Amino acid sequence: MSELADVCVVALAEAFRGDGEIFASGMGTIPMLAARLARATFEPDLLVSDGEAFFIDGDLPLGATDKAIEGWIPFRSVFDTLWSGRRHVIMGASQIDREGNQNISNIGPWHRPKAQLLGVRGAPGNTVNHVTSYFVPNHSTRVFVERVDMVSGVGYARAAAAGGWIAAHHEIRRVVTNKAVLDFEGPDHAPRLRSVHPGVSADDVIASTGFPLVVADDVPVSRSPSTEEGGALARLDPNGLRHREVKA
Amino acid sequence: MTDKRCTEDEAVAELRDGMTVGLGGWASRRKPMSVVRAILRSGVRDLTVVSYGGPDVGLLCASGRVRKLVYGFVSLDTIPLEPHFRAARQAGSLAELEELDEGMLQWGLYAASLRLPFLPTRAGLGSDVMTVNPRLRTVRSPYDDSEELVAMPALELDAAFVHLNRADARGNAQFLGPDLYFDDLFLGAASTRRFVSCEQIVATADLGSASFLTMRVNRSMVDGVIEAPGGAHFTSCEPDYGRDEAFQRAYASAAADPEAWPAFRARFLDGSEADYLAAVQAWRDSEGKS
């Protein structure tokens, strides 16, 4: 059986399948590795960055600094690119609710939070302009809540209410966790259990999620890396940094 | 030709209580930290601070000088959460807050620099940014699409401070690292009290030794130039120096501990900028990191 981090990286790389020539952007070790893995294998036209200000040319292992570049992507160009729609970002999430709203700003009331986190960052603009996916390394009812405390990333109901243009360009493609892959492909964008990771039961996922999921009778198991992907992972993360980021 | 050289303390002496101050850089990258340290030494209060926030925001919050904060995030990058900012938010000690999408912040600075009342954007729509900022308004496109957009208001600044790699004494300045961030827009959003601190003041001709693409700040955008070697410390100032991760860890650990903070502040922040740099060097020597 594959290791959990490998399954997570492959599931996130799958989120980029079919994206073509866009900026595949990943926040954090595992999402960044997923973008590089997708580009190194089945989605070769993706643009991926070093996480600083350059598009990298060819494979760049995590943590390596000796890079070949194919372009410059300072923050201002990131904003221009995201407003153009030619981007798909994988962000983290401290909370996600059944409508796909995401929170990275604060826990508790905004006016005086119990726990201040990052702030909304780019989540409001990302989600109304291009495809967004999320990575949650700690699948629990603390993260998957009925209603997020602060809507940073916009979910389906709010996107629909914000107007036709936004509804047409809004997509929360995947939520990959340490237990499963979720999407919003249930009826009326209801959250759905897309697959469970090897060794995880659907009941475990349901119990760890604070809202109902659409669950098929026979939930698929998240796939393991192919031989080619396994080789690419060894190349792109030779020190196994991904394994420090996620626990069962 | 005007020689605009001045010190941090002279620049900060132009601030008045209640002013709106923009600070360039991004999170823990190329922050005008020597100016922030000068603000800590000054008596100025009730500031509105506009920033892609890092330790600049944390330090100013901890000193009780901030009345209002305009921000999209506050982070130390390699340490995601800023302890002083968290403490201030959780204690409810900031009188007023404007939390915005990162792009809205850019748009507000850009609108101010173009002397426009607002710029339209979709960023913010549908999110709680619209809920927690009741002053935000929307505007309808006058064209056939008649789409409703956020009218991001201009963020006009009373003073702006950025830290760049090189400048001449007249205020032409350049960045040599990978990203200008939004420093030109911070300077543009203020009509006066626009200060560039820099690692080194050089002869105008020497600015041409790097690509012309690095010359993004011209002297019409600048009122004062501060030579501040190490002025971004402990944030990064590529390629002159990277982030001082060891010192940042020491800062973050002291900032997270109300009992440890007064000693850290006394050791590093209560004296002059020269005292700060000497105290950091002594700390490095004692940590074996020289």
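Chemist: Talk me through the overall build of chain A; I want residue IDs and the actual numbers.
Modeler: If you tally the helices and strands in chain A, you get eight helices and 12 strands. Along the first, second and third principal axes, the C-alpha set of chain A runs to 45 × 45 × 35 Å.

Chemist: Run through the overall build of chain B, naming residues and quoting values.
Modeler: Along chain B, the regular secondary structure elements total 10 helices and 12 strands. Expected size for 290 residues packed as a compact globule is a radius of gyration near 19 Å; at 19 Å, chain B falls within 12% of this value. C-alpha atoms of chain B, sized along the principal axes, occupy 65 × 50 × 30 Å. Burial analysis of chain B (290 residues in total) assigns 51% to the buried set. Contacts in chain B between residues far apart in sequence, at least 24 positions, make up 74% of those at least 6 positions apart.

Chemist: Lay out the interface of chain A and chain B in plain terms, naming residues and giving numbers.
Modeler: Taken together, the contact pairs 33 residues of chain A with 34 residues of chain B. Counting residues per element, the ones that place at least two in the side of chain A that touches chain B are helix H3 (75–84), helix H4 (123–129), helix H5 (156–161) and helix H6 (164–169) of chain A. Element by element, the count of residues in the side of chain A that touches chain B is highest for H4 of chain A, at four residues. In the side of chain A that touches chain B, the residues fall into 20 nonpolar, eight polar and five charged.

Chemist: Describe the sheet that holds strand E11 (residues 180–183) of chain A, naming the residues involved and giving the relevant values.
Modeler: By way of backbone hydrogen bonds, the strands of a sheet pair with one another, either parallel or antiparallel. Residues and elements named next belong to chain A. If you trace the six strands from one edge of the open sheet to the other, you get E1-E4-E9-E10-E11-E12, paired in mixed fashion. Whereas interior strands pair on both sides, the edge strands pair on one side only; in this sheet they are strand E1 (23–26) and strand E12 (192–196). Each strand of the sheet is rotated relative to its neighbour by a mean of 15 degrees, with strand direction disregarded. Pairing between E11 and E12: four bridges, direction antiparallel. What sits directly across from Asp-183, in E12, is Arg-192. Here helix H1 (residues 4–15) sits on the sheet and contacts strand E4 (87–91), strand E9 (131–136), strand E10 (171–177) and E11; the angle it forms with E10, its principal contact strand, is near 175 degrees.

Chemist: Go over the domain arrangement of chain B, please, and point to the residues and values.
Modeler: Residue and element names in this part refer to chain B. Entries for chain B in the domain assignment read domain 1 (5–103 + 155–243) and domain 2 (117–153). Taking the mean C-alpha position of each, domain 1 and domain 2 sit 28 Å from one another. Contacts between the two partners involve five residues from domain 1, matched on the other side by six residues from domain 2. Of the residues in the side of domain 1 that touches domain 2, the class split is one nonpolar, one polar and three charged.

Chemist: An account of the sheet that holds strand E7 (residues 137–140) of chain B is requested, with residue identities and associated values reported.
Modeler: All names here are of chain B. What the three strands build is an open sheet, ordered E6-E8-E7; its pairing is antiparallel. On the outer flanks of this sheet lie strand E6 (118–121) and E7, each paired with one strand and no other. Strand-to-strand, the axes of this sheet are offset by a mean angle of 45 degrees, without reference to chain direction. With four bridges connecting them, E6 and strand E8 (residues 148–153) associate as antiparallel partners. Each residue of the ladder has a partner; that of Phe-118, found in E8, is Pro-153. Helix H5 (residues 102–113) contacts E6 and E8 of the sheet and is inclined by roughly 150 degrees relative to E6.

Chemist: So what's going on with H1 of chain A? Which residues, and what values?
Modeler: All names here are of chain A. Here H1 spans 17 Å end to end across 12 residues, near enough to the 16 Å set by a 1.5 Å rise per residue. Residues of H1 that are buried include every one of Leu-4, Ala-5, Asp-6, Val-7, Cys-8, Val-9, Val-10, Ala-11, Leu-12, Ala-13, Glu-14 and Ala-15, and no others. On its buried side, H1 packs onto helix H2 (29–40), E4, E9, E10, E11 and helix H8 (227–236).

Chemist: If you had to explain the nonpolar core to someone new, which residues and values would you point to?
Modeler: In summary, soluble globular proteins display a tendency toward joint burial of nonpolar side chains. In this structure, Cys-8, Val-9, Leu-12, Ala-34 and Leu-37 of chain A together with Ala-160 and Val-196 of chain B are the most contacted members of the largest nonpolar core, which totals 152 residues. Element by element, the count of residues in this core is highest for H1 of chain A, at 10 residues. Summarising the domain contributions, this core has at least three residues from each of domain 1 (5–103 + 155–243) and domain 2 (117–153) of chain B.

Chemist: Can you tell me about the environment of Pro-83 of chain B, naming the residues and giving the values?
Modeler: Relative to the assigned elements, Pro-83 of chain B resides in helix H4 (residues 83–91). Not counting residues up to four positions away in its chain, the partners in contact with Pro-83 of chain B are Gly-58, Ala-252, Ala-255 and Ala-256 of chain B.

Chemist: Break down the packing of H2 of chain A against H8 of chain A for me, with residues and values.
Modeler: All names here are of chain A. Close contact between H2 and H8 brings their axes to 10 Å; oriented N to C, the two are set at 130 degrees. Regarding the angle of H2 to H8, the classification is oblique. Here the hand of the crossing between H2 and H8 comes out right-handed. For the pair H2 and H8, the contacting residues are Leu-33, Arg-36, Leu-37 and Ala-40 in the first and Glu-229, Ala-232, Leu-233 and Leu-236 in the second. Class assignment of the residues belonging to the contact of H2 with H8 gives a composition of six nonpolar, no polar and two charged.

Chemist: Please set out the environment of Arg-36 of chain A residue by residue, giving values where relevant.
Modeler: All names here are of chain A. Looking at the element boundaries, Arg-36 is found in helix H2. Note: C-alpha distance between Arg-36 and Leu-46 (10 residues apart in sequence) is 8.7 Å. If we skip the residues at most four places from it in the chain, Arg-36 touches Val-48, Asp-59, Leu-60 and Leu-236.

Calculation criteria
- Residues numbered from 1 in each chain as written.
- Chains lettered and ligands numbered in written order.
- Predicted model: local features only at pLDDT ≥ 70, side-chain atom pairs only at ≥ 80, totals over all residues.
- Helix = DSSP H or I, 4+ residues; strand = E, 2+ residues; numbered from the N terminus.
- Rg over C-alpha atoms; globule rule 2.2 N^0.38 Å.
- Buried ≥ 20, exposed ≤ 12 C-beta atoms within 10 Å, placed from the backbone.
- Contact = placed C-beta atoms within 7 Å.
- Nonpolar A, V, L, I, M, F, W, Y, C, P; charged D, E, K, R; others polar.
- Pairing = 2+ DSSP bridges.
- Axes fitted to C-alpha atoms, helices over the stretch in contact; angles between N-to-C directions.
- Domains from an automatic or database assignment.
- Expected span 1.5 Å × (residues − 1).
- Core = buried A, V, L, I, M, F, W, Y, C linked by C-beta atoms within 7 Å.
- Parallel < 35°, antiparallel > 145°, perpendicular 65-115°, else oblique.
- Left-handed = near helix turned anticlockwise from the far one by under 90°.

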